[in-house]
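# Fold and geometry: a report
If you want the building blocks of each chain, they are given just below.
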Amino acid sequence: MTTHELRGLTTGEPAAHRAPHRSSRPPVRDVPAAGHRVLQLLGPPSERHLAQRLNAILEVLAGLRAATQIQPLVDPALFARLLAHGRLPGPHHRIGTLHLCHPTDTALEASTTIQSGPRVLALAARFERNRTGWVCTRFHLLAPRTGPLRMVNQRPSAA
């Protein structure tokens, strides 16, 4: 029967006598809190994915979806504000074309129009990347003003 002895690759001495080898991998520094899922996203979400997230938030505001379904998609402070928000004017809505802006590598801002029944509303949202993925941190629905137009910065007449 043959006996084998393990030898190091760089030296001829047996492996048991070598100094311990340290890994060249960098240490893990950004570990998510216990109980959180880790989403591996290399870049920002696609335009279609953002439209789906905005649509889900709008469905919660319209009363068509349970609020707990969007809780992992939004910031906790925004989630509390959405729960306190009133309902949308119409039961159905349609999202217009998204306009995207990337102010930083970890932030994405989107704006669009929402047609809800006969009304057209403006929507602005901000998404930020954190340890668990991209979450919505700001969500603003802007309704048109009703009533007469006001002049801004009116100057008094010189008469």
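One structure accompanies this document, and this report is about it. (Residues numbered from 1 in each chain as written. Predicted model: local features only at pLDDT ≥ 70, side-chain atom pairs only at ≥ 80, totals over all residues. Heavy atoms only, no water.)

## What about the overall build of the chain?
Assigned secondary structure in the chain consists of two helices and five strands. Along its sequence from the N terminus, the chain presents helices and strands in the succession α-α-β-β-β-β-β. Taking all 159 residues of the chain together, 24% fall into the buried category. Long-range pairs, those at least 24 residues apart, make up 47% of the contacts in the chain with a sequence separation of at least 6. Carbon and sulfur atoms make up 54% of the accessible area of the chain, which amounts to about 12,300 Å² in all. (Helix = DSSP H or I, 4+ residues; strand = E, 2+ residues; numbered from the N terminus. Buried < 20%, exposed > 50% of the residue type's maximum accessible area, 1.4 Å probe, protein only. Contact = heavy atoms within 4.5 Å. Areas by Shrake-Rupley, 256 points an atom, 1.4 Å probe, with all protein chains shown as cover.)

## Observations concerning helix α1 (residues 47-62)
Spanning 16 residues, α1 covers 22 Å between terminal C-alpha atoms, matching the ideal 22 Å at 1.5 Å per step. Buried residues of α1: Leu50, Arg53, Leu54, Ala56, Ile57, Leu58, Glu59, Val60, Leu61 and Ala62, and no others. Buried residues along α1 sit in contact with α2 (76-84), β1 (93-95), β2 (99-104), β3 (107-116), β4 (119-130) and β5 (133-142). (Expected span 1.5 Å × (residues − 1).)

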